[in-house]
Amino acid sequence: MKKLLLLGLFAMTVTFAQAQSEGDIRLQIGGDYAFDAEDFGLNFGGEYLITDQISAAPNFTIYFPEGGNASTLNIDARYYFTRDLLQWYGLLGFTNNWYSAEFMGVKATSSTAGANIGAGGVLKFTDNLAFNPELKYQAMNGGQAVFRFGLVYFLP
């Protein structure tokens, strides 16, 4: 019985330790918190590994501010420093934020583009699932920090 248990633990360890590779695709859903605006948002995204260490990770967030609508599109490039169970990365990218509000029949809208810089991780807890904490700074009109925590699904 002990041998069977040890064999099972070894098999799980080998499965968890599989490294990411070129061509992998990941889907993500999570929450964003924009510190400057003090808004919470729902985030949807994907990631495509161009090489074993570089990926393209577009994502879209819908925020829920009081008295208006807001959303953000991010197109980030990630560079992975580690590639096993804990996959830590740095990121650079493009961001565009949209905001609209209506007051007494007058509608105001704005769109602001900028750059992203930050870091995060992909922390696997099964073969196909991981947590994805990320902190980035959006450099635009005074800038703001955004924290994201997502659930990642690895496509087979």
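Residues numbered from 1 in each chain as written. Predicted model: local features only at pLDDT ≥ 70, side-chain atom pairs only at ≥ 80, totals over all residues. Heavy atoms only, no water.

## Description of the pattern of salt bridges
Okay, so step 1: Tallied over the entire structure, the rule returns 7 salt bridges.
Okay, so step 2: The residue Lys136 makes a salt bridge to Asp76 at a minimum N-O spacing of 2.7 Å. Taken together, the residues Lys136 in strand β7 (residues 129-139) and Asp76 in strand β4 (residues 69-80) connect sequence positions 60 residues apart. You'll find Lys136 and Asp76 in the same group, each marked buried. (Salt bridge = Lys/Arg side-chain N within 4 Å of Asp/Glu carboxyl O. Helix = DSSP H or I, 4+ residues; strand = E, 2+ residues; numbered from the N terminus. Buried < 20%, exposed > 50% of the residue type's maximum accessible area, 1.4 Å probe, protein only.)

## Structural notes on the environment of Ser110
Okay, so step 1: Inspection of the secondary structure puts Ser110 in strand β6 (residues 106-124).
Okay, so step 2: Taking the C-alpha atoms as reference points, Ser110 and Trp98, separated by 12 residues in sequence, lie 5.7 Å from one another.
Okay, so step 3: What Ser110 contacts, discounting residues up to four positions off in sequence, is Asn97, Trp98 and Tyr99. (Contact = heavy atoms within 4.5 Å.)

## Quick word on the sheet that holds strand β5 (residues 86-103)
Okay, so step 1: Here 8 strands make up a closed barrel; going around it, the order is β1-β2-β3-β4-β5-β6-β7-β8 and the pairing antiparallel. Neighbouring strand axes in the sheet, compared pairwise and without regard to direction, differ in orientation by 25° on average. (Pairing = 2+ DSSP bridges. Axes fitted to C-alpha atoms, helices over the stretch in contact; angles between N-to-C directions.)

## Details of the layout of surface pockets
Okay, so step 1: Considering only enclosed or pocket space, the largest pocket measures out at about 310 Å³ in volume.
Okay, so step 2: What lines the largest pocket is a set of 17 residues, among which Ala37, Asn97, Tyr99, Met140 and Gln144 lie closest to the centre.
Okay, so step 3: Its residues assigned to classes, the lining of the largest pocket comprises 7 nonpolar, 8 polar and 2 charged. (1 Å grid on protein atoms, 1.4 Å probe; cavity = no way out; pocket = protein on both sides within 12 Å on 5 of 7 lines; lining within 4 Å. Points joined across faces, edges and corners; volume = space filled by probe spheres on them. Nonpolar A, V, L, I, M, F, W, Y, C, P; charged D, E, K, R; others polar.)

## Points about the side chain of Thr61
Okay, so step 1: Secondary-structure assignment places Thr61 in strand β3 (residues 54-63).
Okay, so step 2: In this structure the side chain of Thr61 is engaged in a polar contact, spanning 2.7 Å, whose partner is the side chain of Asn43.
Okay, so step 3: Apart from the residues lying within four places of it in its own chain, the contact partners of Thr61 are Asp32, Gly41, Leu42, Asn43, Ala70, Ser71 and Thr72. (Polar contact = N/O pair within 3.5 Å; in protein donor to acceptor, adjacent residues only side chain to side chain.)

## Quick notes on the pairing of β6
Two faces make up the sheet, and in a regular strand the side chains alternate between them.
Okay, so step 1: By the bridge criterion, 18 bridges tie β5 to β6 in an arrangement that is antiparallel. Pairing of Tyr99 across the sheet is with Ser110, part of β6.
Okay, so step 2: In this structure, the hairpin formed by β5 and β6 is closed by a connection of 2 residues, where Met104 is found at a positive phi of approximately 55°.
Okay, so step 3: In textbook terms, the turn of a hairpin is the stretch between consecutive antiparallel strands, and for β6 and β7 this stretch comprises 4 residues.

## With respect to the nonpolar core
Okay, so step 1: In terms of nonpolar packing, the biggest core is built from 7 residues, these being Tyr80, Tyr89, Leu91, Val122, Ala130, Val152 and Phe154.
Okay, so step 2: For this core, the secondary-structure elements that each account for two or more residues are β5 and β8 (144-154).
Okay, so step 3: Filtering out sequence-adjacent residues up to four positions away, Tyr89 remains in contact with Arg78, Tyr79, Tyr80, Phe81, Ala119, Gly120, Gly121, Val122, Asn132, Pro133, Glu134 and Arg148. (Core = buried A, V, L, I, M, F, W, Y, C linked by side-chain atoms within 4.5 Å.)

## Quick word on the environment of Leu42
Okay, so step 1: Among the secondary structure elements, Leu42 is positioned in strand β2 (residues 39-49).
Okay, so step 2: Residues Leu42 and Ser71, 29 residues apart in the sequence, show an inter-C-alpha distance of 9.4 Å.

## Topic: the pairing of β5
Okay, so step 1: For β4 and β5, the ladder comprises 12 bridges, and the chain directions are antiparallel. Looking at the pairing, Arg78 lines up with Leu91 of β5.
Okay, so step 2: Taking the residues between adjacent antiparallel strands as the criterion, β4 and β5 are bridged by 5 residues.

## A short note on empty space enclosed by the protein
Okay, so step 1: In this structure the tally under the stated criterion is 1 cavity of 30 Å³ or more.
Okay, so step 2: Volume-wise, the largest cavity comes out at about 80 Å³.
Okay, so step 3: For the largest cavity, the lining is made up of 13 residues, of which Gln28, Gly46, Glu47, Arg78 and Asn132 are closest to its centre.
Okay, so step 4: When residues of the lining of the largest cavity are traced back to their parent elements, those giving at least two are β1 (25-34), β2, β3 and β8.
Okay, so step 5: Considered class by class, the residues forming the lining of the largest cavity number 4 nonpolar, 5 polar and 4 charged.

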